[in-house]
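# Commentary on secondary and tertiary structure
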Amino acid sequence: MCVKNKYCCICAEKKKETPKEHTCYKNFNGASTAMESTIITIHHGFKQSIDVHGLIYSRFIADGDSSTYSKIINARPYPGITVAKNYCRNHLLRNYCYKLQQLASNTQYIAADRKKLTQEKILRSRKYICDATKLHKETKNEDGLSKDINSSVFHAFDIHENCNRQLCKHMDLADATNPFFGSLLWQKIKTVAAQLADKAHSLIEDVDSNVVERFNGVIAKLVMGLREASSVARAKGFNRHEVGRFYEALTVKYDIDASRLYNMDETVISTTTNKPPKVLSTKGKNQVGIIASAECGQLTIYD
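Residues numbered from 1 in each chain as written. Predicted model: local features only at pLDDT ≥ 70, side-chain atom pairs only at ≥ 80, totals over all residues. Heavy atoms only, no water.

As named in an unreviewed UniProt entry, the protein is Mutator-like transposase domain-containing protein, taken from Arctia plantaginis.

Below is the structure:
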């Protein structure tokens, strides 16, 4: 794994003078947006894949970021081999649905037409495309997939004359005289489908970046932090029985009621003698305990 860091707290404190000798983790000076492409292209990426892993990455699964792929092409990591670019299936379909949803909410088009472009029809078109991808995946029939993608919007609006009979058995047809099918919105819907059909060569590969996304999801749930130390005495003493005895002594033996109690725990002084090590914990967890051998001193209750 390669990590790029633009910040060092010690160097930042000593901007006008030479910082003391320390382990500096700052190893990147470029733009933050260029970190990903730099790592993928140069550090532990394409240019180092043969030396580090003994592999040639012949395909790059992209999510629409063209800058990373252009850097890979310019770097020419493998002489005589051009790295192919495949779009992530999930990214293509998500963008397709998003564009149709944007059309449905665009007030540039007539409201009556926009109401016909429902979420149900969008998902129906998406399902038809997914089924077509599975159908043509084995034979690598890009032309067939491209044709079915263009037909998916017709299928969603119950125009089945151009449907692939392996995917659709419906024979009923929508009213072709409906003004909607001559509207500007309908032309735009077909354009969105055609744009996806142009990427049939990637969609037919049926690849995605789910493995990477899942890995990033696991990392995002974990944070590096310090466990908060609790002494053995405190761990043993803080239980239902001991706490009950404590308050019974206050109220019965010393005649102290709740209005005369003050919390003096926030001393800003460490109550334990040893410094706990770092620990991995789930993100959002405020406190992770560790049993320490002893406390530095005693806290006193003042009445």
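## Re the overall build of the protein
Rules: Strands here mean DSSP runs of E at least two residues long; helices mean DSSP runs of H or I at least four residues long; both are numbered from the N terminus. Buried, partly exposed and exposed residues are distinguished by accessible area as a fraction of the type maximum, computed with a 1.4 Å probe on protein chains only: under 20%, between the cut-offs, and over 50%, respectively. In this description, contact between two residues means that some pair of their heavy atoms is separated by no more than 4.5 Å.
From N to C terminus, the protein includes 13 helices and six strands. Looking at the 303 residues of the protein, the share that counts as buried comes to 28%. Long-range pairs, those at least 24 residues apart, make up 67% of the contacts in the protein with a sequence separation of at least 6.

## Brief notes about empty space enclosed by the protein
Defined as follows: A cavity here means a set of points on a 1 Å grid, drawn over the protein atoms and nothing else, where a 1.4 Å probe fits but cannot get out; a pocket is an open set with protein on both sides within 12 Å along at least five of seven lines, and a residue lines either one if it has an atom within 4 Å of a point. Grid points are joined across faces, edges and corners, and a volume is the space filled by probe spheres set on the points. Basically, the charged four are Asp, Glu, Lys and Arg, the nonpolar ten are Ala, Val, Leu, Ile, Met, Phe, Trp, Tyr, Cys and Pro, and anything else, Gly included, counts as polar.
Tallying each qualifying case throughout the model produces one cavity of 30 Å³ or more. Considering only enclosed or pocket space, the largest cavity measures out at about 30 Å³ in volume. Contributing to the lining of the largest cavity are Leu-100, Leu-117, Lys-121, Ile-122, Ser-125, Val-153, Ala-156, Phe-157 and Ile-189. Mapped onto the lining of the largest cavity, the elements with two or more residues apiece are α7 (119-137) and α8 (142-156). Top element by residues in the lining of the largest cavity is α7. It accounts for three residues. Counted by class, the lining of the largest cavity contains seven nonpolar, one polar and one charged residues.

## Looking at the pairing of strand β1 (residues 59-62)
Applied cut-off: The rule for pairing is simple: two strands pair if DSSP sees at least two bridges between them.
Alternating residues of β1 divide into Phe-60 and Ala-62, all buried, and Arg-59 and Ile-61, none buried. Taken together, the four bridges between β1 and strand β2 (residues 84-87) define a ladder with parallel strand orientation. Each residue of the ladder has a partner; that of Phe-60, found in β2, is Lys-85.

## Focus: the nonpolar core
Quick reminder of the rule: Put simply, buried Ala, Val, Leu, Ile, Met, Phe, Trp, Tyr and Cys residues joined by side-chain atoms within 4.5 Å make one nonpolar core.
Tyr-96, Leu-103, Ile-149, Phe-157 and Ile-189 are the most contacted members of the largest nonpolar core, which has 30 residues in total. Counting only elements with at least two residues in this core, the list comes to α5 (89-104), α7, α8, α9 (184-197) and α10 (200-203). No other element matches α9, which puts seven residues into this core. With seven residues, the next largest nonpolar core counts Phe-46, Phe-60, Ile-72 and Tyr-78 among its residues.

## A closer look at the packing of α7 against α8
Heads up, the rule is: The convention used is that axes are lines fitted to C-alpha atoms, helices contributing only their stretch in contact, and that angles between N-to-C directions extend from 0 to 180 degrees. Each angle gets one of four labels, with under 35 degrees taken as roughly parallel, over 145 as roughly antiparallel, 65 to 115 as roughly perpendicular, and the rest as oblique. Left-handed describes a crossing whose near helix is turned anticlockwise from the far helix through less than a right angle; right-handed describes the clockwise counterpart.
Contact pair α7 / α8: the axes reach a minimum separation of 8 Å and the direction vectors enclose 155°. The angle between α7 and α8 falls in the class roughly antiparallel. The handedness of the crossing between α7 and α8 is right-handed. Residues Lys-121, Arg-124, Ser-125, Tyr-128, Ile-129, Ala-132, Thr-133 and His-136 of α7 touch α8, and the partners they reach there are Gly-144, Leu-145, Asp-148, Ile-149, Ser-151, Ser-152, Val-153, His-155 and Ala-156. A breakdown of the residues in the contact of α7 with α8 according to their chemical character gives seven nonpolar, seven polar and three charged.

## Comments concerning unusual backbone geometry
Its identity is not glycine, yet Arg-76 carries a phi of approximately 45°, on the positive side. On the secondary structure map, Arg-76 appears in the loop between α4 (66-75) and β2. Phi is positive for Asp-206, which is not a glycine, with a value near 55°. By secondary structure assignment, the location of Asp-206 is in the loop between α10 and α11 (210-221).

## Observations regarding the environment of Ala-75
With respect to the helices and strands, the residue Ala-75 is situated in helix α4. In sequence terms Ala-75 and Phe-46 are 29 residues apart; their C-alpha atoms lie 8.9 Å from each other. Apart from residues no more than four positions distant in its own chain, Ala-75 is found in contact with Thr-41 and Lys-47.

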